[in-house]
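# Working through the structure, step by step
The chain contents come next:
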Amino acid sequence: MTIQHIDVAYTAVATAENGRDGRVSTDDGALDVVVNPPKAMGGSGAGTNPEQLFAAGYSACFQGALGVVARQEKADITGSTVTASVSIGRTEAGGFGLEVAISASIPNVDTATAQALVEKAHQVCPYSNATRGNIKVELLAG
């Protein structure tokens, strides 16, 4: 799915220096972090890494989409949390790929309702729309 430029409400701008072993910052200065490969991938693990940044963005975005859906469905998601687990590994083609698991805890609804809300939020969330058909995204609710 492609959005038209006239529909763009906001554009985030970030610049990386030295790739996965350097620094990344946003043009407004709100984010300025050292990035390093995780120890599991032979790095120092001293800073954050792109997968953590992606997990943070995806979980926040998905929580927002869950709120939109909950308001439409008149469901109480007070106290809910969304956790995104982003995994990186080798693909069969020899490059690297990502997988994501989205886990939502929604204490004020039953499991079936929670799962339905999560599946609807997956249709609304811009990160989900961007990754759909490109990477494996597992949805878990409770």
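This write-up is about the structure you can find in this document. (Residues numbered from 1 in each chain as written. Predicted model: local features only at pLDDT ≥ 70, side-chain atom pairs only at ≥ 80, totals over all residues. Heavy atoms only, no water.)

## Quick look at the pairing of strand 4 (residues 81-90)
Where strand 4 lies against strand 5 (residues 96-105), ten bridges are found, and the strand directions are antiparallel. Residue pairing for strand 5: T81 is matched across the bridge by S105. The loop that links strand 4 with its antiparallel partner strand 5 comprises five residues; one of these, G94, has a positive phi angle of about 100°. (Pairing = 2+ DSSP bridges. Helix = DSSP H or I, 4+ residues; strand = E, 2+ residues; numbered from the N terminus.)

## Thoughts on the nonpolar core
Counting residues in each nonpolar core, the largest one holds 25 residues, and the members touching the most others are Y58, F62, L66, I102, I106, L117 and V118. Within the residue set of this core, elements represented by two or more residues are helix 1 (50-73), strand 4, strand 5, helix 2 (111-124) and strand 6 (136-141). Looking at this core, the element that brings in the most residues is helix 1, giving eight residues. When neighbours within four sequence positions are excluded, L117 is seen to be in contact with L66, V69, A70, E73, A75, I77, I106 and V109. (Core = buried A, V, L, I, M, F, W, Y, C linked by side-chain atoms within 4.5 Å. Buried < 20%, exposed > 50% of the residue type's maximum accessible area, 1.4 Å probe, protein only. Contact = heavy atoms within 4.5 Å.)

## Quick notes on helix 2
With 14 residues, helix 2 extends 20 Å between its outermost C-alpha atoms, agreeing within 8% with the 20 Å of an ideal straight helix rising 1.5 Å per residue. Among the residues of helix 2, those classed as buried are A114, L117, V118, A121 and H122. End-on view of helix 2: buried residues confined to an arc of 140°, all on one side of the axis. Those residues of helix 2 that are buried lie in contact with helix 1, strand 5, helix 3 (126-131) and strand 6. (Expected span 1.5 Å × (residues − 1). Arc of directions from axis to C-beta.)

## Quick look at unusual backbone geometry
Although it is not a glycine, N18 adopts a positive phi angle of roughly 65°. Given a relative accessible area of 67%, N18 falls into the exposed group. Despite not being glycine, K74 has its phi angle at roughly 55°, a positive value. As for its position among the elements, K74 is in the loop between helix 1 and strand 4.

## Some words on a nonpolar patch on the surface
On the surface, a cluster of nonpolar side chains totalling about 330 Å² of accessible area is made up of M41, I88, F96 and L98. Of note, L98 is situated in strand 5. (Patch = residues over 30% accessible without salt bridge, like charges linked within 9 Å, V, L, I, M, F, W, Y side chains within 5 Å. Areas by Shrake-Rupley, 256 points an atom, 1.4 Å probe, with all protein chains shown as cover. Salt bridge = Lys/Arg side-chain N within 4 Å of Asp/Glu carboxyl O.)

Shape descriptors only; they carry no functional weight alone.
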